[in-house]
Structure formats: structure tokens, C-alpha cells
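# Understanding the architecture of this molecule
Chain residues, written in single-letter form:
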Amino acid sequence: MLKSSKSEVQGLKSRVSCLASLAILAPLVLFAQQSEIAKWDPAMAQKNAVVDTNGVKWVDGKFLPIEGRMFDDVDHYYDRLPKNVTTNVNGGVRSMKHHTAGMQFRFTTDSKKLRFRWVPYSGGLSMDHMPSTGVSGIDIYRFDAAKGKWLYYKTGRIWDGVKGGSLDVAWTPGTPCLVNLPLYNGIKSFTLGIDKDATVTALPPRKSGVSKPVVFYGTSITHGGCASRPGLAFPSIMGRDLDVPIVNLGFSGSGQGELEMSEHLAAIDASCYVLDCVWNMGPKLMEARYEKFVRNLRRLRPDVPIVMAEGCDVYCATEQSKYVVERNAQYVKPTYEKLKKEGWKKLYFLPSEGQHADDFEGTVDGTHPNDWGMMHMARAYGRIVREALGLPSDGGR
């Protein structure tokens, strides 16, 4: 009879405990186990396409290869969280789960022209510090094989919340296409128009080898405020730079660390979790929730790396900035160091230093990054996520 070592027994207990924890979340886990790209059926896209009198074949967005959408049991197709989010989570999250931040269509087509039509969820197309192109617009990237990276191509503007937005572009057949959806608005409907005899194909697996998403949870900054267009939110920039899929669960003013939110994150089979919620949590919330949130996430997903990020230092002389610096010093780093002393592995810390350049030009209002600030944040987050995923310095591309 073979005898198990003490470490093997402990490992078995850990795996059983993990399975028991996930069993509690079984409904959520089932909703989020498989990526939308993996489930995408080209036959369904072809079957449900409609050819109009001008010879344009229209494909509903529900039949296009999409990333960033992880739950099926939702109120609306393009929601970021399931419909079973309870009132234990603040109303901001329950409202802004309809926003499509981080969602993107990724495909190739042999069409010579692409036509995009979308109707936003809300008629509020812009904010006083963020343009409609970022709030409610879309942007298009094409993959440049010679340069080996995604390059910006066009922006889809929107003026009318009822009629929606439209964008027509010439296209080189076979060129990979990436379409970023609105950051601070949702989508009621989306259609892609291609040539009558053309088809749509999902992109192959990434060269980085990372198929599971990096899941971001945080505040308005993670949400994408205040990028001029969707592709310039820092999680999306980082995703392109590292060649990894991302899920954006940033909620403006509402990343408050409720324990239930850790369970929704754990329902996603992630490659890495990135936590950036300091701006939205005052001292009382940090004291009551922050460590519990991290511990519960690790309990539910014990083998997935976690990045604990400090609130970004935006070099502004406001009282809010002062308090965020204090929260960083009192809670984020001490919690990280405490957990490391307990022997936690796959735990990473991102300090506020280096998230912004030192030229004071990285924000629109002293807090929310502009495009320049988003680029710097993407580089800072990219370095720590690369380390967490074990990617080479060039992101594996």
C-alpha cells in the first residue's frame, strides 16, 4: 500500500477546498467558463446574416467573435456582469454593468469594405470631460503583419443616440480586424456589413499563448475615463501590447470592493486578476473590505496570480489625492506585505510611482487620465502583468 506524503495530503485538501468553494459559485462559474471566441460558430453567423437590396450582407454582433463578454445569463446581451448581481453590490455597478468597456470584436474577412452600425444603450453620448468618441463611439484597429502589431485605423463617431452611429471603411481582404466597443455606454444593437459573398472568420489563438483573460477590477480610471476613444483605455492598450485577452470590470465611482464582487471575478476563468479600487474606497471601506476581498478571491481561485495596484499618483494638490496616497500607505502595501509573509505565491504589487509621467500632463482634470496618461499607465501595468504571466519582455510577440 502506497503512503501519501504530508505535502501531497495538504495539496489534496487544498484542491478539495477549492472545488467546494467553486461549487458554492456553480451558477456563476458555469456562466463564465468558456470564452466567447471559443464558443463562436461561423455557421450561425452565416445562417443569420441578412443581405439587403444593395447587396450588403449584414451580420448581427451577437454572431461575431467577441472578447470581454464573459457571462451568458445577463439582462442584455452586451452586459459585463450577470443578472444575478444583488443589492449587496452598489447601484453604480448594477447600472454600469451595461457598459461595454473592454469588449471587442476580433475577426478576419475577405470583404473589401466594412460597414459598422450600432445603437447605444443610453442617449447620454458624452460627459463634460470625456468626448462622445470615447463614451459612446467605436474604434477600429488593423493588424500590420510587417510591424507585427495592431495599428489604429478609424474612429466611429456618433451624434444621435436614437439612430445610432455608423462608419464605413475600405478594407484589405484577409487583414485581421479589431473593433473596440464604447467605454461609458452600452450597446442595444450592433451590425457589421460585408460584401455579399464575403465571410467572417475568428482570429487564431494568440502567439503569446495566453488564452484566458486578464481581468481588471477597479474605478473610473480602469473603466476608461477619460480616453478619447475606446482603444485607448489603459487595459485595452495593455492587452494589445502583451497580446493577451482582457476583461474590463472598472466601474466609475463604484469599485468599492464588496465581497460579492470578488465572487463575480472568481466566476471568470482568468489568467490574472488586477485590482485597482483605491480611489473609490475611503478609509472605512478599505479597513472593512480590502483584505477580505483579496483573501476571498484567492480562496476561490488559489492558482491565479493577483496584482494589487496602488491608486495612481496624478500629481495634483487636491485633498482627494492626499487621501489616496494615505490609503496606499495604510492599506495596499501593508496588506500585500502581510500576505507575502504568510507565504502567498503569485501575488504582485504595483506602486503608484511610475504609473504617470512626471510632466503633469497625463490627466484631463488632475485625476482621470487623458490619452497620454493612459499610455503611461498601460506600460506600468504591462510590466507587472508580464511578470505575473511569465511572459518575456516583448509580450511573446
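Now for a description of the structure that goes with this document. (Residues numbered from 1 in each chain as written. Predicted model: local features only at pLDDT ≥ 70, side-chain atom pairs only at ≥ 80, totals over all residues. Heavy atoms only, no water.)

### Observations regarding the overall build of the protein
- When helices and strands are counted, the protein shows twelve helices and 16 strands.
- Of all 397 residues assigned to the protein, the portion counted as buried reaches 56%.
- Considering only contacts within the protein whose residues lie at least 6 apart along the sequence, 78% involve residues at least 24 apart.
- For the protein, the exposed surface amounts to about 17,300 Å²; the carbon and sulfur share of it is 53%. (Helix = DSSP H or I, 4+ residues; strand = E, 2+ residues; numbered from the N terminus. Buried < 20%, exposed > 50% of the residue type's maximum accessible area, 1.4 Å probe, protein only. Contact = heavy atoms within 4.5 Å. Areas by Shrake-Rupley, 256 points an atom, 1.4 Å probe, with all protein chains shown as cover.)

### Digging into the environment of Thr222
- With respect to the helices, strands and loops of the structure, Thr222 is situated in helix H7 (residues 220-223).
- Given the relative accessible area of 0%, Thr222 is considered buried.
- Separated by 13 residues in sequence, Thr222 and Pro235 place their C-alpha atoms 6.9 Å apart.
- Each residue touching Thr222, except ones within four places of it in the same chain, is listed here: Phe216, Phe234, Pro235, Asn248, Gly250 and Asp276.

### Considering the layout of surface pockets
- Each pocket or cavity is described by its volume, and for the second largest pocket that value is around 300 Å³.
- Around the second largest pocket sit 13 residues that line it, and Phe143, Pro205, Arg206, Lys207 and Asp243 are the ones nearest its centre.
- In terms of residue class, the lining of the second largest pocket is made up of seven nonpolar, one polar and five charged. (1 Å grid on protein atoms, 1.4 Å probe; cavity = no way out; pocket = protein on both sides within 12 Å on 5 of 7 lines; lining within 4 Å. Points joined across faces, edges and corners; volume = space filled by probe spheres on them. Nonpolar A, V, L, I, M, F, W, Y, C, P; charged D, E, K, R; others polar.)

### Details of the pairing of strand E4 (residues 104-109)
- In terms of residue burial, E4 counts as a mostly covered element, since six of its six residues are buried.
- Side chains of E4 alternate between two faces, with Gln104, Arg106 and Thr108 and Phe105, Phe107 and Thr109 buried alike.
- Here strand E3 (residues 66-67) runs beside E4; their pairing, made up of two bridges, is antiparallel. Across the sheet, residue Glu67 finds its bridge partner in E4, namely Gln104.
- In this structure, E4 lies alongside strand E9 (residues 177-180), joined through four bridges in antiparallel fashion. Note on E9: the bridge partner recorded for Phe105 is Val179.
- With three bridges joining them, E4 and strand E11 (residues 200-202) adopt antiparallel strand pairing. Bridging from a neighbouring strand, Thr108 pairs with Thr201 of E11. (Pairing = 2+ DSSP bridges.)

### Here's the deal with the sheet that holds strand E10 (residues 187-195)
- Spatial ordering of the open sheet is given by E1-E2-E10-E5-E8, a layout of five strands whose pairing is antiparallel. Edge strands, defined here as strands with exactly one partner in the open sheet, are strand E1 (50-51) and strand E8 (165-170).
- Where strand E5 (residues 113-120) and E8 come together, six bridges link them in antiparallel fashion. Bridging across to E8, Trp118 finds its partner in Gly165.

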